[in-house]
Every structure is written in C-alpha cells, then in structure tokens.
Amino acid sequence: MGCLGNMLWFVFGGWISALSWCLAGCLWCITVIGIPVGVQCFKIAGLALFPFGREVCYGGGFGSFLLNIIWLLVSGLALALEHLVLAILLCITIIGIPFGLQHLKMAKLALMPFGATVV
C-alpha cells in the first residue's frame, strides 16, 4: 500500500501540500534567524510528498517548545488549517479515508514540527 499510496498521493495533490511547506520555508529563510525554521519546513515538505509508510515521533525539550509556540503563531495555524480542511474533504468518501488520515498526520505535524522526528 505504501508505494501505490505515495504515487496516488503525489499525483492527486501531495505536491500541493509540499509546495505550501516549501513556500513557508522560503519565507522563513528570508531572515538569518529564521533559517533553521526554514530548513525544518523543507524537511517536512519531503514528508508531504510521500507520507505513506512513515511515522512521526514527538519529543524535544524546552527549546523545541518555545520554537513551536513561535511557529504556531507565525505559520503553523495556516498550514494546519489547510491540512485539516483537505482531511475533512477526503474523509467524506471511503476511498479518500487513508489520504485524509495522512492529512491529519500532517496537520498535527504543522502544529508541532520542532522536536518531531520522522521514522
């Protein structure tokens, strides 16, 4: 299911999610201080291209917590809302449920990307 799911995901809109993560990364990289945040956005864009077969583990310390709060206020809510709306639209049909679940995984990651690792 992973390979077929990733191919269908990419063709039917995964590239749009990855493009929005890359846009957020480019906007963060405009400033020197935001470059680490932009690099994290580019890493998550890779996950947004092919999410099937990958899991996200959450952890991190106080620094990740502070960065997540700043991220949430600046970029996180918009990306999480995008993924949430797409998840709801996809979960309307039975065929779209696996894809909607991947969008829910990405929405949670959009809220707390720092301290998270992709396995």
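Residues numbered from 1 in each chain as written. Predicted model: local features only at pLDDT ≥ 70, side-chain atom pairs only at ≥ 80, totals over all residues. Heavy atoms only, no water.

**Q** Can you help me understand the overall build of the protein in this one?
**A** Scanning the protein from terminus to terminus reveals 4 helices and 2 strands. Listed N to C, the secondary structure of the protein is α-α-β-α-α-β in terms of helices and strands. For 119 residues, the compact-globule estimate of 2.2 N^0.38 gives 14 Å, and the C-alpha radius of gyration of the protein, at 14 Å, lies within 12% of that figure. With respect to the three principal axes, the spread of C-alpha positions in the protein is 40 × 25 × 25 Å. A burial count over the protein gives 39% of its 119 residues as buried. Across the protein, contacts joining residues at least 24 apart in sequence account for 74% of those joining residues at least 6 apart. Summed over all atoms, the accessible surface of the protein reaches about 6900 Å², with 82% contributed by carbon and sulfur. (Helix = DSSP H or I, 4+ residues; strand = E, 2+ residues; numbered from the N terminus. Rg over C-alpha atoms; globule rule 2.2 N^0.38 Å. Buried < 20%, exposed > 50% of the residue type's maximum accessible area, 1.4 Å probe, protein only. Contact = heavy atoms within 4.5 Å. Areas by Shrake-Rupley, 256 points an atom, 1.4 Å probe, with all protein chains shown as cover.)

**Q** Just checking my understanding: could you explain helix H1 (residues 2-28) for this structure?
**A** One turn of the α-helix equals 3.6 residues, which is why residues spaced by three or four share an orientation. For H1, built from 27 residues, the straight-helix expectation of 39 Å at 1.5 Å per residue is missed by more than 12%, its first-to-last C-alpha distance being only 31 Å. Listed as buried for H1 are Gly5, Asn6, Trp9, Gly13, Gly14, Ser17, Ala18, Ser20, Trp21, Ala24, Gly25 and Trp28. Summarising the contacts, the buried residues of H1 are in contact with helix H2 (35-49), helix H3 (62-90) and helix H4 (97-111). (Expected span 1.5 Å × (residues − 1).)

**Q** How do you make sense of the packing of H1 against H2 when you look at a structure like this?
**A** Axes are the key here: two packed helices are described by the angle between their axes and the distance separating the axes. Running from N to C, H1 and H2 cross one another at 175°; their axes reach a closest spacing of 7 Å. What the angle tells us is that H1 and H2 run roughly antiparallel. Looking at the contact of H1 with H2 residue by residue, the classes come out as 17 nonpolar, 5 polar and no charged. (Axes fitted to C-alpha atoms, helices over the stretch in contact; angles between N-to-C directions. Parallel < 35°, antiparallel > 145°, perpendicular 65-115°, else oblique. Nonpolar A, V, L, I, M, F, W, Y, C, P; charged D, E, K, R; others polar.)

**Q** I would appreciate a short explanation of the confidence of the model for the protein in the present structure.
**A** Low-confidence regions, as indicated by low pLDDT, have predicted coordinates that should not be scrutinised in detail. Taken over all residues, the pLDDT of the protein has a mean of 91, while the share at 70 or more is 99%. Model confidence for the protein, summarised as mean pLDDT per element, is weakest for strand E2 (residues 116-118) at 86 and strongest for H4 at 93. (pLDDT = per-residue confidence, 0-100.)

**Q** Is there a simple way to explain the nonpolar core in this structure?
**A** Generally speaking, nonpolar side chains in soluble globular proteins are found buried as a group. Among the nonpolar cores identified, the biggest contains 19 residues, and Trp21, Cys41, Trp71, Leu79, Met106 and Leu109 are the most heavily contacted of them. Secondary structure elements with two or more residues in this core: H1, H2, H3 and H4. The element contributing the most residues to this core is H2, with 6 residues. (Core = buried A, V, L, I, M, F, W, Y, C linked by side-chain atoms within 4.5 Å.)

**Q** I'm lost on the side chain of Ser20 in this one. Help?
**A** Mapped onto the secondary structure, Ser20 falls in helix H1. Not counting residues within four places of it along the chain, the set of residues in contact with Ser20 comprises Leu79 and Glu82.

**Q** Can you help me understand the packing of aromatic side chains in this one?
**A** Aromatic ring pairs are defined here through the distance separating the ring centres and the angle between the ring planes. In the structure shown here, the tally under the stated rule is 8 aromatic pairs. Relative to Phe99, the ring of Trp9 lies with its centre 6.4 Å away and its plane at 15°, an arrangement referred to as stacked. Of this pair, Trp9 sits in helix H1 while Phe99 sits in helix H4, and the two are 90 residues apart along the sequence. An identical accessibility class is assigned to Trp9 and Phe99; each is buried. When the ring of Trp71 is compared with that of Phe114, the centres are 6.1 Å apart and the planes differ by 80°; the resulting orientation is edge-to-face. Placement of Trp71 in helix H3 and of Phe114 in the loop between H4 and E2 is noted, with a sequence separation of 43 residues between them. Trp71 sits in the buried class, given a relative accessible area of 1%. (Phe/Tyr/Trp six-rings, centres within 6.5 Å; stacked < 30°, edge-to-face > 60°.)

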